[in-house]
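# An overview of the molecular structure
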Amino acid sequence: MIYTLEGHELKHAAEEMLLTLLPTAALTRADTADGAEGDWCRSCLTERDGEAVGRAVASVGGVVRESERRAPCAGLSPLEHKRVQTELVKMSIYDAVAPALAQPPVWGSLTGVRPAKLARGLIERGMSRGEAAACLRERYYVSPARTALTIRAAATAMELDKCIGPDDISLYVGIPFCPSRCYYCSFVSATTAQSGHLIEPYLDTLCREIAETAALVREAGKRVQSVYIGGGTPTTLNEAQLARLLDTLAQNFDFSRLREYTVEAGRPDTVTPGKLRALRAAGVDRVSINPQSMDDKVLAAIGRRHTAQDVLRAYDEARQAGFRAVNMDLIAGLTGDTAETFARTVDTLIGLAPENITVHTLAIKRGADLTDKAAAAARRETVAHMLDNAAHALQAAGYGPYYLYRQKFMAGGFENVGWCRPDTECFYNVAMMEELQTILSLGAGGVSKRVDRDTGWIERSNNPKYPLEYIRAADRLAAGKRKILLPGQ
Ligand code: SF4
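Residues numbered from 1 in each chain as written. Predicted model: local features only at pLDDT ≥ 70, side-chain atom pairs only at ≥ 80, totals over all residues. Heavy atoms only, no water.

Bringing the overall build of the protein chain into the picture now. Within the protein chain one finds 17 helices and 18 strands. Relative to the 2.2 N^0.38 estimate, which gives 23 Å for 489 residues, the radius of gyration of the protein chain is 23 Å and therefore close to what a compact globule would have. A buried classification covers 55% of the 489 residues belonging to the protein chain. For the protein chain, the computed accessible surface area is about 21100 Å², with 51% contributed by carbon and sulfur atoms. (Helix = DSSP H or I, 4+ residues; strand = E, 2+ residues; numbered from the N terminus. Rg over C-alpha atoms; globule rule 2.2 N^0.38 Å. Buried < 20%, exposed > 50% of the residue type's maximum accessible area, 1.4 Å probe, protein only. Areas by Shrake-Rupley, 256 points an atom, 1.4 Å probe, with all protein chains shown as cover.)

Quick look at the structure:
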């Protein structure tokens, strides 16, 4: 699709909306759409007498449609002014293109990662939950089912937010190693076959970062409220390495006020009774065992080197170890999975009765080619069925949605939803996704965020992305944490 921008340079906003509506489109910006063959879109923005006007004209499938949106813009702060302009560009494109689609996107015109944060903002600015729901449906065209999910997630976040004091923070620790690489993986994670030699030096750097960060946390007078060790697959570490990591954390941080301690034991082929005992002994009370599918053919097709039986064994061992909560992750839309096999997977997991089940939608890898995008688009209906059926089955079994997020390039433009049995929400997931509190991220790829709870302002500090870069940056890691914890020093 050819697109043009007139009177503005909000390229990202325009492209984001076009790709939300037409995920398989190859976008090319041009100076003019005159004479363009195939689909095209013109996005214009003008301002006069304190009013901003967004206009879009789009030709999709040979049918030309126009739209116009207006909003007052006088006296706004630069940030608010940009927000109004961005919304006008996006909404005018949505209005011009969406009528051409066989099915409107379930998330309507929303392109953001955190829909519940938007809903929370509406409620905090004075709307009732019913009014916020009406706003999502009528202003942003969000489907009724997604609106209900969003309002539930927003309500959970508002409830958990009450438990966060001004000095409470959470910790994330990343272990970016896995026993093998899943075909769909979009994380920075190295296989032990390729990068196993980096694990020990990585741990050396991580333990140093833990000690230095803990000293800064003490200096800043902060308290750790939750810990989440993720990856990668943290249980890729052997028992001695895992014990070293857990001991280093316990020796350096004060965990006396911890309300939750999660470790991802995602791949059952890395889980042993000895590792689970070490986790429990360190105070870990929540683990995540992630089958993704309970169909052996699907597991083989996606490059997981384990079977459904291995998942059952790991789950049983986790139960015997006595964790307060176990989460299990699933992915809808995997290669070779059907609505029927996915439904069987959901039923099997419900039968196990973990406290949390997280239903993800396959995200198309960044840089995927058009063939992959087209294949994902073709599976949209199947994925929609998978998600709807899973939601019904989970609700019937007593699970409720407690947090949700979207990723760019998800199959069909859907979402990831964390489901839980009553009162078993994962605090960290909500705090992190809803940006409720400051989170320090240790390890390669860690993004620490200082959240100003009064203004909502967020300051970020990124660790190097890859293990080797991270190891080489050992001397510089503390500076990023200081910026987050002790700004202005
Ligand atoms: S287990 Fe997770 S992080 Fe590791 S390769 Fe698979 S998808 Fe990626």
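From this point, the narrative continues.
One pass over the full model with this rule turns up 34 salt bridges. Between Glu-415 and Arg-146 there is a salt bridge, with its nearest N and O atoms 2.9 Å apart. Of this pair, Glu-415 sits in the loop between β14 (400-405) and β15 (416-420) while Arg-146 sits in helix α5 (residues 144-161), placing them 269 residues apart in sequence. The pair Glu-415 / Arg-146 is uniform in exposure class, with both members buried. In this structure, the salt-bridge partner of Arg-482 is Glu-219, at a minimum N-O distance of 3.5 Å. Placement of Arg-482 in helix α17 (residues 477-485) and of Glu-219 in helix α7 (residues 199-220) is noted, with a sequence separation of 263 residues between them. The partly exposed category is assigned to Arg-482, whose relative accessible area is 30%. The exposure class assigned to Glu-219 is partly exposed, which follows from its relative accessible area of 47%. (Salt bridge = Lys/Arg side-chain N within 4 Å of Asp/Glu carboxyl O.)

On to the pairing of strand β9 (residues 223-231). Within β9, seven of the nine residues are buried, which leaves it mostly tucked inside the rest of the structure. The pairing of strand β6 (residues 168-175) with β9 spans eight bridges and is classified as parallel. From the neighbouring strand, Ile-175 faces β9, where its bridge partner is Gly-231. For β9 and strand β10 (residues 260-264), the ladder comprises four bridges, and the chain directions are parallel. The partner of Ile-229 across the bridge, within β10, is Val-263. You can see the chain leave β9, run along helix α8 (residues 239-252) and come back into β10, and the turn it takes is right-handed. (Pairing = 2+ DSSP bridges. Right-handed = clockwise from strand over helix to strand, strands pointing away.)

With their axes 9 Å apart at the nearest point, helix α1 (residues 11-21) and helix α2 (residues 78-97) run at an angle of 30° to one another. Taken as axis vectors, α1 and α2 run roughly parallel relative to one another. In the crossing of α1 with α2, the sense of the turn from one axis to the other is right-handed. Contact with α1, carried on its side by Ala-13, Ala-14, Glu-16, Met-17, Leu-18 and Leu-21, involves Thr-86, Val-89, Lys-90, Ile-93, Tyr-94 and Val-97 of α2 and no other residues of that element. When its residues are assigned to classes, the contact of α1 with α2 shows nine nonpolar, one polar and two charged. (Axes fitted to C-alpha atoms, helices over the stretch in contact; angles between N-to-C directions. Parallel < 35°, antiparallel > 145°, perpendicular 65-115°, else oblique. Left-handed = near helix turned anticlockwise from the far one by under 90°. Contact = heavy atoms within 4.5 Å. Nonpolar A, V, L, I, M, F, W, Y, C, P; charged D, E, K, R; others polar.)

What follows covers the packing of aromatic side chains. Applying the stated criterion across every chain yields a total of 10 aromatic pairs. Judged by centre distance (5.3 Å) and plane angle (85°), the ring pair of Phe-177 and Tyr-202 falls under edge-to-face. Linking Phe-177 in strand β7 (residues 177-178) with Tyr-202 in helix α7, this pair joins segments that are 25 residues apart in sequence. There is no split in this pair, since Phe-177 and Tyr-202 are both buried. (Phe/Tyr/Trp six-rings, centres within 6.5 Å; stacked < 30°, edge-to-face > 60°.)

So, about the environment of Val-217. Tracing the sequence through the fold places Val-217 in helix α7. Looking at Val-217, the relative accessible area reads 4%, which means it is buried. Put simply, Val-217 and Ile-169 are 48 residues apart on the chain and 9.1 Å apart in space, counted from C-alpha to C-alpha. With residues up to four places along the chain from it excluded, the contact list for Val-217 reads Ile-169, Lys-222, Phe-253, Leu-440 and Leu-485.

Moving on to the domain arrangement of the protein chain. The domain boundaries assigned to the protein chain delineate domain 1 (1-102) and domain 2 (163-474). Using C-alpha coordinates to define each centre, domain 1 is positioned 37 Å away from domain 2. (Domains from an automatic or database assignment.)

Turning our eyes to something else, we now look at the pairing of strand β13 (residues 356-361). Most of β13 sits out of view: six of its six residues are buried. Across the two faces of β13 the burial is the same, with Asn-356, Thr-358 and His-360 and Ile-357, Val-359 and Thr-361 all buried. Bridge count between strand β12 (residues 325-332) and β13: six bridges; the pairing is parallel. Bridge assignment links Asn-327 to a residue of β13, and that residue is Asn-356. Assessed by its sense of winding, the connection that carries the chain from β12 through helix α12 (residues 339-352) to β13 is right-handed.

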